[in-house]
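Each chain, written out:
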Amino acid sequence: MPFKTFTDGAVLQADADVDRFFIQQVHALKTADESITSSTVLQNDDQLLVPLLANSQYWIELFAIYSAATASDLSITFSVPAGGALYWSHGGLAGGATGSVDRISRNFLDETGSGWIGGTGADAVVMGEGRVTTGATAGNLQLRWAQNASGATATIVKAGSILIAQRLTT
């Protein structure tokens, strides 16, 4: 995603060119529901991952639509490229929530921490934001998630969820 040097008569080929060269932004939009049942082992999301360049800083945003039973809740974190650092926070229902109107958790986490998000048995949203600094290794920023407590009712991250990374440095 380096800034592009244009020549006279250069033509942008797609909307992705505008995002990549002017806005310095990449995103991943989830197109299918994904579920986990009876597991607290964090797994990589199948679609919510974006490539990051080496030696760069990014502002990240997550808008995740999910469904989790009140007994299972949701646990989320991110993986970053080797040598990278992440500082982030989420604004989701607090763990143990029993309805869609309940306490909100606003935890400060790094790349080793995971957020505990409350489940209501119905669709809900968790929003996250933060900053990633990459080291000498490029790679993916990827959402990782699981049930917070193992349960027989599936925890689902739904289609329409989005992960955005906007590059702050060149």
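The structure presented is a predicted model; accordingly, all values stated were derived computationally and were not measured.

For the protein chain, the count of helices and strands is 1 helix and 13 strands. In the protein chain, which comprises 170 residues, the share counted as buried stands at 44%. Residue pairs at least 24 apart in sequence account for 77% of intrachain contacts in the protein chain once pairs closer than 6 positions are excluded. When the accessible surface of the protein chain is split by element, carbon and sulfur atoms take 53% of a total near 8100 Å².

Glancing now at the sheet that holds strand β9 (residues 115–117). The antiparallel open sheet is built from 4 strands, whose spatial order is β3-β11-β5-β9. Edge positions in the sheet fall to β3 (43–52) and β9, since each has one partner strand and no second. Averaged over all pairs of adjacent strands, the angle between their axes in this sheet comes to 25°, without regard to strand direction. Where β3 lies against strand β11 (residues 139–146), 6 bridges are found, and the strand directions are antiparallel. The residue of β11 that forms the bridge with P51 is N140.

Attention shifts here to the side chain of D73. When you line up the elements, D73 lands in the loop between β4 (57–67) and β5 (74–79). What makes D73 buried here is its relative accessible area of 3%. Here G119 takes part through its backbone nitrogen, which lies 2.6 Å from a polar atom of the side chain of D73. Once you skip the residues sitting within four places of it in the chain, D73 turns out to touch A68, G95, G96, W116, I117, G118, G119, Q147, N148 and T155.

Before going further, it helps to spend a moment on a nonpolar patch on the surface. Taken together, the side chains of F63, V125 and M127 make up a nonpolar region of the molecular surface, amounting to roughly 250 Å² of accessible area. Within the fold, F63 resides in strand β4.

In this structure, S38 takes a positive phi of about 55° despite not being glycine. Mapping S38 onto the fold places it in the loop between β2 (34–36) and β3. For S38, a relative accessible area of 44% translates into the label partly exposed. You will see that N55, though not glycine, has its phi angle at about 55°, which is positive. Among the structural elements, N55 can be located in the loop between β3 and β4.

About the criteria used
- Residues numbered from 1 in each chain as written.
- Predicted model: local features only at pLDDT ≥ 70, side-chain atom pairs only at ≥ 80, totals over all residues.
- Heavy atoms only, no water.
- Helix = DSSP H or I, 4+ residues; strand = E, 2+ residues; numbered from the N terminus.
- Buried < 20%, exposed > 50% of the residue type's maximum accessible area, 1.4 Å probe, protein only.
- Contact = heavy atoms within 4.5 Å.
- Areas by Shrake-Rupley, 256 points an atom, 1.4 Å probe, with all protein chains shown as cover.
- Pairing = 2+ DSSP bridges.
- Axes fitted to C-alpha atoms, helices over the stretch in contact; angles between N-to-C directions.
- Polar contact = N/O pair within 3.5 Å; in protein donor to acceptor, adjacent residues only side chain to side chain.
- Patch = residues over 30% accessible without salt bridge, like charges linked within 9 Å, V, L, I, M, F, W, Y side chains within 5 Å.
- Salt bridge = Lys/Arg side-chain N within 4 Å of Asp/Glu carboxyl O.

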